[in-house]
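Survey of secondary and tertiary structure
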Amino acid sequence: KAGVTQTPRYLIKTRGQQVTLSCSPISGHRSVSWYQQTPGQGLQFLFEYFSETQRNKGNFPGRFSGRQFSNSRSEMNVSTLELGDSALYLCASRSGAGVSETQYFGPGTRLLVL
Amino acid sequence: EDQVTQSPEALRLQEGESSSLNCSYTVSGLRGLFWYRQDPGKGPEFLFTLYSAGEEKEKERLKATLTKKESFLHITAPKPEDSATYLCAVQAVNNNDMRFGAGTRLTVKP
């Protein structure tokens, strides 16, 4: 079974621009979560989507948004980029049907904001 | 607020030198505790899920245990390829997200 895929793998943007990252979950998984990972803050939860609806949201400004499509693929958008948005953005999927399930992570998208 | 603290921050071992990594947690009702391994520049790789105190799971040289306040990841006779950052995360009963610790960076020297 194919794993979680993320595109692009690397991205360089300048301050003020916006960026869209894409995530394809494991086949059959309906829940997709997004995380930001930085050396200083570690892994921080951004939001989770399940069946095209945002089910949970972390403590990030409104510049960070996401959506999920009917095929469970998800996109994350960051508007008005700031230098501090430079990070590894990770997507994780799980089936979403159980009480507690393991999340499987993709390889991440490395975003550098100049 | 849910909290996860991992110690030590970094650990250097000689090949074959067994040790343990600690994950202390505070959560309002534990739904699950997860261990992941992360290599530089890559996404976390799933290792174990533990659900209740007293539970233990093993995989090759790794063994994870769980109490009501902490989890340990025991590494027996480690090899250089075990070098990575090990992440612990908890999921609470009233929440779907996962709270991660800062990780333990393990280096195993040949």
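The shown structure was predicted, so the numbers you read here are calculated from the model rather than taken from an experiment.

Description of the sheet that holds strand S8 (residues 74–78) of chain A
Residue and element names in this part refer to chain A.
- Pairing is antiparallel in the open sheet, where four strands are placed in the order S1-S3-S8-S7. What marks the edges here is a single partner per strand, and that holds for strand S1 (5–7) and strand S7 (64–68). The mean inter-strand angle of the sheet, taken between neighbouring strand axes irrespective of direction, is 20°.
- Pairing between strand S3 (residues 19–24) and S8: five bridges, direction antiparallel. Along S8, the bridge assignment pairs Leu21 with Met76.

Thoughts on the state of the cysteines
- Enumeration according to the criterion identifies two disulfides over all chains in this entry.
- Between Cys23(A) and Cys91(A) runs a disulfide, and the two sulfur atoms are separated by 1.7 Å. Because the torsion about its S-S bond is -50°, the bridge between Cys23(A) and Cys91(A) counts as left-handed. With a gap of 68 residues between them, Cys23(A) in strand S3 and Cys91(A) in strand S9 (residues 87–94) connect regions that are remote in the sequence.
- According to the relative accessible area criterion, Cys23(A) is buried, its value standing at 0%.
- Owing to a relative accessible area of 0%, Cys91(A) belongs among the buried residues under this scheme.
- Note that Cys23(B) is cross-linked by a disulfide to Cys88(B), the S-S spacing being 1.9 Å. Taking the sign of the torsion about the S-S bond as the criterion, the disulfide between Cys23(B) and Cys88(B), at about -60°, is left-handed.

Regarding the interface of chain B and chain A
- Of the residues lining the interface, 19 residues belong to chain B; the matching set on chain A comes to 21 residues.
- Interface of chain B and chain A: buried area, both sides summed, is about 1500 Å²; carbon and sulfur atoms make up 50% of it.
- Scanning the region where chain B abuts chain A turns up zero salt bridges.
- On the surface where chain B and chain A come into contact, there are three residue pairs in polar contact (both at pLDDT 80 or more).
- Counting residues per element, the ones that place at least two in the side of chain B that touches chain A are strand S4 (30–38), strand S5 (45–50) and strand S9 (84–92) of chain B.
- Looking at the side of chain B that touches chain A element by element, the count peaks at five residues for S4(B).
- Partitioned by chemical class, the residues of the side of chain B that touches chain A number eight nonpolar, eight polar and three charged.

Quick look at the sheet that holds strand S6 (residues 56–59) of chain B
All names here are of chain B.
- With antiparallel pairing, five strands are arranged side by side in an open sheet as S1-S3-S8-S7-S6. Each having just a single partner strand, strand S1 (3–7) and S6 make up the two edges of the open sheet. Within this sheet the neighbouring strands show an average axis-to-axis angle of 15°, counted without direction.
- Summarising the sheet, S6 and strand S7 (residues 62–66) pair through four bridges and their orientation is antiparallel. Directly across from Glu58, in S7, lies its bridge partner Lys63.

The rules we used
- Residues numbered from 1 in each chain as written.
- Chains lettered and ligands numbered in written order.
- Predicted model: local features only at pLDDT ≥ 70, side-chain atom pairs only at ≥ 80, totals over all residues.
- Heavy atoms only, no water.
- Pairing = 2+ DSSP bridges.
- Helix = DSSP H or I, 4+ residues; strand = E, 2+ residues; numbered from the N terminus.
- Axes fitted to C-alpha atoms, helices over the stretch in contact; angles between N-to-C directions.
- Disulfide = S-S within 2.5 Å.
- Buried < 20%, exposed > 50% of the residue type's maximum accessible area, 1.4 Å probe, protein only.
- Contact = heavy atoms within 4.5 Å.
- Buried area = accessible area lost by both parts, 1.4 Å probe.
- Salt bridge = Lys/Arg side-chain N within 4 Å of Asp/Glu carboxyl O.
- Polar contact = N/O pair within 3.5 Å; in protein donor to acceptor, adjacent residues only side chain to side chain.
- Nonpolar A, V, L, I, M, F, W, Y, C, P; charged D, E, K, R; others polar.

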